[in-house]
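This is what each chain is made of:
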Amino acid sequence: FGSSYFAERQALFFRRNPAMIRRVVCPLTASWPSSQCWRPIASKSGPTVDGTVIQKQSEASPPVKTTPKTAWHEFSPTQLAVVNSVGNLCSLGAAASHDHIMLRVLAGLSSTAVFSFNVFMPKPLKTHQKTAAAWGAAFAILHLINLGLLLREKHHFIQLSDE
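Source: prediction; values computed, not measured.

## Some thoughts on the overall build of the protein chain
Helix and strand counts for the protein chain stand at 4 helices and 4 strands. Taking all 163 residues of the protein chain together, 22% fall into the buried category. Contacts in the protein chain between residues at least 24 apart in sequence constitute 44% of all its contacts with a sequence separation of at least 6. Surface summary for the protein chain: the accessible area is close to 12,000 Å², and the carbon and sulfur share equals 64%.

## Topic: the environment of His143
Locating His143 in the fold gives a position in helix α4 (residues 127-156). Sequence separation between His143 and Ile101 is 42 residues; the distance between their C-alpha atoms is 10.0 Å. Aside from chain neighbours lying at most four places away, what touches His143 is Arg104, Ala107, Gly108 and Ser111.

## A closer look at the packing of helix α2 (residues 77-96) against helix α3 (residues 100-119)
The contact between α2 and α3 brings their axes to 8 Å, and the two run at 155°. Here α2 lies roughly antiparallel to α3, going by the angle between them. As α2 runs across α3, the sense of the crossing is left-handed. Contacts between α2 and α3 involve Leu80, Val83, Asn84, Gly87, Cys90, Ser91, Gly93 and Ala94 from the former and Leu103, Leu106, Ala107, Leu109, Ser110, Ala113, Ser116 and Phe117 from the latter. For the contact of α2 with α3, the class distribution of residues is 10 nonpolar, 6 polar and no charged.

## Side note on unusual backbone geometry
In this model, Lys123 is joined to Pro124 through a cis peptide bond whose omega is 0°. Assignment of secondary structure puts Pro124 in the loop between α3 and α4.

## Topic: α3
Along its 20 residues, α3 runs 28 Å from first to last C-alpha, staying within 8% of the 28 Å computed at 1.5 Å per residue. For α3, the set of buried residues is Ile101, Arg104, Leu106, Ala107, Gly108, Ser110, Ser111, Ala113, Ser116 and Asn118.

## Quick word on the packing of aromatic side chains
If you walk through the whole model with that rule in mind, you get 2 aromatic pairs. Between Phe75 and Phe120, the ring centres sit 4.4 Å apart and the planes meet at 20°, which makes this aromatic pair stacked. Of this pair, Phe75 sits in the loop between β4 (53-54) and α2 while Phe120 sits in the loop between α3 and α4; the two residues are 45 residues apart in sequence, bridging distant segments of the chain. Their ring planes at 35° and their centres at 6.0 Å tell us that Trp135 and Phe139 sit as a pair that is tilted. Of the two residues, Trp135 and Phe139 are both situated in helix α4; the distance of 4 residues between them amounts to about one turn of the helix. Overall, the relative accessible area of 54% leaves Trp135 in the exposed class.

## Here we look at the side chain of Ser111
Positionally, Ser111 belongs in helix α3. Apart from the residues within four sequence positions on either side, Ser111 is in contact with Gly136, Phe139, Ala140 and His143.

## With respect to the side chain of Asn118
Within the element layout of this structure, Asn118 appears in helix α3. For Asn118, the side chain forms a polar contact with the main-chain oxygen of Val114, separated by 2.9 Å. Beyond its immediate sequence surroundings of up to four residues, Asn118 is in contact with Leu125, Gln129, Ala132 and Ala133.

## Notes on the confidence of the model for the protein chain
Across the protein chain, the average pLDDT comes to 75, with 53% of residues at 70 or higher. Within the protein chain, strand β1 (residues 21-23) has the poorest average pLDDT of any element, 47, and α3 the best, 95. Confidence drops under a pLDDT of 50 for residues 20-29, and excluding neighbours within four residues, the segment shows 29 contacts in the predicted structure.

Calculation rules
- Residues numbered from 1 in each chain as written.
- Predicted model: local features only at pLDDT ≥ 70, side-chain atom pairs only at ≥ 80, totals over all residues.
- Heavy atoms only, no water.
- Helix = DSSP H or I, 4+ residues; strand = E, 2+ residues; numbered from the N terminus.
- Buried < 20%, exposed > 50% of the residue type's maximum accessible area, 1.4 Å probe, protein only.
- Contact = heavy atoms within 4.5 Å.
- Areas by Shrake-Rupley, 256 points an atom, 1.4 Å probe, with all protein chains shown as cover.
- Axes fitted to C-alpha atoms, helices over the stretch in contact; angles between N-to-C directions.
- Parallel < 35°, antiparallel > 145°, perpendicular 65-115°, else oblique.
- Left-handed = near helix turned anticlockwise from the far one by under 90°.
- Nonpolar A, V, L, I, M, F, W, Y, C, P; charged D, E, K, R; others polar.
- Expected span 1.5 Å × (residues − 1).
- Phe/Tyr/Trp six-rings, centres within 6.5 Å; stacked < 30°, edge-to-face > 60°.
- Polar contact = N/O pair within 3.5 Å; in protein donor to acceptor, adjacent residues only side chain to side chain.
- pLDDT = per-residue confidence, 0-100.

Spelled out as structure tokens, the structure:
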């Protein structure tokens, strides 16, 4: 919505009953203007000029607390901790592996977890998060390309060291 939308809403409310309307900071978002943040305030209960009933502030119902929905591409701190732990476990497994193919699989998964951890942070991303995500993606791509070469060599019985 543009600022003209909110200005029109404000003008409409003040035209209906200018003495009884005021702006209130929205408790959910700590900002205004929002259609949920406008409420009439009166010194006494009763109908207004246009027939709507206004309650006293003490009689008004408290605002409903709702949890804001986050976008699918923003993880909570708990979800980020899970991604980080999985990546660290993959990295430990890669370091302990004796098989070169398993090492590449686990190292690729670990680098993918680094990329995911930095991309799924709350937005807007800072420069160091973008840089870390780019390096995680680069390492993941390199590990997975090397994994593909190893699997191709194993499948075709071609030794890359033989000429």
